[in-house]
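Observations on chain architecture
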Amino acid sequence: MKLSIFTVAVPDLSAAELASAAAAAGIAGIEWRFRGIPEDALSEQPSYWRNNRCSIDPGRWQEQVPVFREAAAAQGRQSIALVPYLNCGDMAASEQAFQAAAQLGASMMRVGVPGYDRSTAYPELYEKALRYLNEIQDMAKQYNIKAIIETHHQTIAPTASLAYRLVQSLDPEHVGVLYDPGNMVHEGYENHRMGLELLGPYLAHVHVKNAGWFKEKTGEALERKGEFSTIHPGQSLSTSWTCNWAPLTEGMVDWVQMVRDLRAVGYDGYYGIEDFSGVLESTIMLQHFADVFNEIERRVNEEEQA
């Protein structure tokens, strides 16, 4: 089983520190975050999405990519992916990212799909995404880097089936899907085995994290005794539930079953660590994920041999 680490999850480490920690944990691949640090975040503590020290700045990629690539190579790690935050339709930024990914030696790169917030109808967003992905496919062929879209909440691809709808007319040699079960706890859950079977050759990569739903009391819930009560002004209809990131072994994704399902469809790619729970310090978190997946692999192997 091959593990990789998406560097968004280790914001306190430099490229060299991350490569060393990955090597110590037996994590073979690195997915480099491609995003600049806002000027006003430089004095902040390291954080996943603002002051992330393990990121390549798109504005300085030509000087930074060789440094990050060599940091991985020095520890015998493979730079498997570049992970930018591209807007659907932005071809200039997309091509810049492909150029950086090619210099990095990556085999995959995440591309954008439209977000969904009820302000624009899905059919319009779908057509926009199709036009973009057809152009992206040409770039992917040109740079010999597979473009991947991610199953992600608050986009038009939160599920395997909606991601498949976007890529089904494209060549799986050049365009694929990054399957993220942790994101699908927030929005988009479908039976994982069924979704993986549907994706077929478009299944290109998997991200590993966990999440769960937690109850938050926002007001007095209505009592229901056989029929609905009168709703009074200011009274809540129900308690509120919120979805938060969770440690790998404590969320709603059963990763043992997830590995069984992935093996059942023939997946033999990387399992990319992307933990946002914040429970463990970065280097300890990497070793923890490696230990958990070594145990999962042992259990599943025993099941298959029984």
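These lines cover the structure that appears in this document, whether it is placed above or below. (Residues numbered from 1 in each chain as written. Predicted model: local features only at pLDDT ≥ 70, side-chain atom pairs only at ≥ 80, totals over all residues. Heavy atoms only, no water.)

The next subject is the pattern of salt bridges. All chains considered together, the criterion is met by 14 salt bridges. Where E17 meets R53, a salt bridge forms, and the shortest distance between an N and an O atom there is 3.7 Å. Of this pair, E17 sits in helix α1 (residues 15–25) while R53 sits in the loop between β2 (29–34) and β3 (55–56), placing them 36 residues apart in sequence. On the basis of relative accessible area, E17 is assigned to the partly exposed category, the value being 40%. Look at the salt bridges and you will find they share partners, linking D40, E44 and R50 into a network. (Salt bridge = Lys/Arg side-chain N within 4 Å of Asp/Glu carboxyl O. Helix = DSSP H or I, 4+ residues; strand = E, 2+ residues; numbered from the N terminus. Buried < 20%, exposed > 50% of the residue type's maximum accessible area, 1.4 Å probe, protein only.)

Right, let's talk about helix α9 (residues 282–305) for a bit. With 24 residues, α9 extends 35 Å from end C-alpha to end C-alpha; this agrees with the ideal 34 Å at 1.5 Å per step. Looking only at α9, the buried set comprises S282, M285, L286, F289, A290, V292, F293, I296 and V300. Buried positions along α9 lie against β1 (2–6), α1, β8 (203–208), α8 (255–264) and β11 (270–273). (Expected span 1.5 Å × (residues − 1). Contact = heavy atoms within 4.5 Å.)

Let's shift gears to unusual backbone geometry. Although it is not a glycine, R118 adopts a positive phi angle of roughly 75 degrees. Look at R118 and you get exposed, because its relative accessible area is 75%.

If you walk through the whole model with that rule in mind, you get 11 aromatic pairs. One aromatic cluster in this structure is built from Y48, W49, W245 and F276. Above the plane of the ring of Y85 lies R110, whose end atom (NZ or CZ) is 4.7 Å from the centre. Between the NZ or CZ atom of R165 and the centre of the ring of Y126, over which it lies, the distance is 3.9 Å. (Phe/Tyr/Trp six-rings, centres within 6.5 Å; stacked < 30°, edge-to-face > 60°. Lys NZ or Arg CZ within 6 Å of the ring centre and 35° of its normal.)

What follows covers the nonpolar core. Counting residues in each nonpolar core, the largest one holds 86 residues, and the members touching the most others are I5, W32, L82, L166 and F293. For this core, the leading source of residues is helix α4 (residues 122–143), giving 10 residues. Discounting chain neighbours no more than four positions away, the residues touching I5 are V10, L18, A22, I27, G29, I30, E31, I273 and L286. Counting residues in each nonpolar core, the second largest holds 12 residues, with F6, A81, I148 and A204 among its members. (Core = buried A, V, L, I, M, F, W, Y, C linked by side-chain atoms within 4.5 Å.)

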